[in-house]
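Residue-level structure breakdown
Listed here are the chains, written in short residue letters.
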Amino acid sequence: MTAFTNAATLILVPALLTGATTATAYAETGPTQVKAACAPAALGYEARARAPIASSVVLITITNKSGAACTIDRFPSVTFGDLDGSARPVPATQSGPRQLAAKGKLYAALRTDDRSSPARYVRSLAVSAEPAAEGTRFTARQIGAPATGIAVYDPITTLWKQSVDEAVASLPAS
């Protein structure tokens, strides 16, 4: 009987562990964790050049104006005037959801020019929480850029962060 009991126990233990793992995984990724995408009208944006202007760093702030948490992309989508393409995220990553609390704010730092080659100058940039959205347009004057415009060469953006300091610290050294 002992051999049979031990064999039955060995078969039962992995089954219990598998069941626990499945339940735990479902609880972590289940539907209660997924929030709806933020409605464009619920989002507010700010973009301000950081001093000194020559640093080509812009701080982007996103605010959820609604009373419910929702999701945005994990990094801002930033385009520049009539130039093709957008700022690339650092670290390199794919799009994915990032929760934005009700009435919450998140921050990203944007470096528009890495000074490795001559920059092109644009009169505006647009910021969006989703890559497919048109975004909110800011003129060079609105963000505090020089009269020549926003210098753009190999632009990068950080992921959304909880604080201004964390966002700025996430930019790699130029």
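Residues numbered from 1 in each chain as written. Predicted model: local features only at pLDDT ≥ 70, side-chain atom pairs only at ≥ 80, totals over all residues. Heavy atoms only, no water.

With respect to the state of the cysteines
Just so we agree on the cut-off: Pairs of cysteine sulfur atoms within 2.5 Å are identified as disulfides in what follows. Note on conventions: DSSP H or I runs of at least 4 residues are helices, E runs of at least 2 residues are strands, and numbering of each starts at the N terminus. Three exposure classes are used, based on accessible area relative to the maximum for each residue type with a 1.4 Å probe and protein chains only: buried under 20%, partly exposed in between, and exposed over 50%.
All told, the structure shown has one disulfide when counted by the stated rule. Each sulfur of the disulfide joining C38 and C70 lies 1.9 Å from the other. Every disulfide takes its handedness from the sign of the S-S torsion; for C38 and C70 that torsion is 90 degrees, giving right-handed. On the criterion of sequence distance, the pair formed by C38 in the loop between α1 (2-29) and β1 (43-49) and C70 in strand β3 (residues 70-73) is long-range, its members being 32 residues apart. In this structure C38 comes out as buried when scored by relative accessible area, which is 11%. By relative accessible area, which is 5% here, C70 ends up buried.

Notes on the confidence of the model for the protein
This is how it is decided: As a per-residue measure, pLDDT tells how confident the predictor is, with possible values from 0 to 100. Contact definition: two residues touch when any of their heavy atoms are within 4.5 Å.
With 78% of its residues at a pLDDT of 70 or more, the protein shows a mean pLDDT of 83. Within the model, pLDDT remains below 50 along residues 1-32, and this stretch shows three contacts once partners closer than five positions in the same chain are excluded.

Observations regarding unusual backbone geometry
In the segment running from V90 into P91, the intervening peptide bond is cis, with an omega of 0 degrees. Within the element layout of this structure, P91 appears in the loop between β5 (88-90) and β6 (97-100). Even without a glycine there, the phi angle at R115 is positive, about 65 degrees. One can find R115 in the loop between β7 (105-111) and β8 (120-122). Of note, the phi angle at D154 is positive, near 50 degrees, even though the residue is not glycine. Summarising the element assignment, D154 is placed in the loop between β11 (150-152) and β12 (156-158). The exposure class assigned to D154 is partly exposed, which follows from its relative accessible area of 32%.

Quick look at the pattern of salt bridges
Put simply, the rule reads: Put simply, a salt bridge is a Lys or Arg side-chain nitrogen that is within 4 Å of an Asp or Glu carboxyl oxygen.
Going through the model one piece at a time under the given rule, you end up with two salt bridges. For the salt bridge of R88 with D154, the shortest nitrogen-to-oxygen distance reads 3.0 Å. Residue R88 is found in strand β5, and its partner D154 is found in the loop between β11 and β12; the two are separated by 66 residues along the sequence. By relative accessible area, R88 is classed as partly exposed at 40%.

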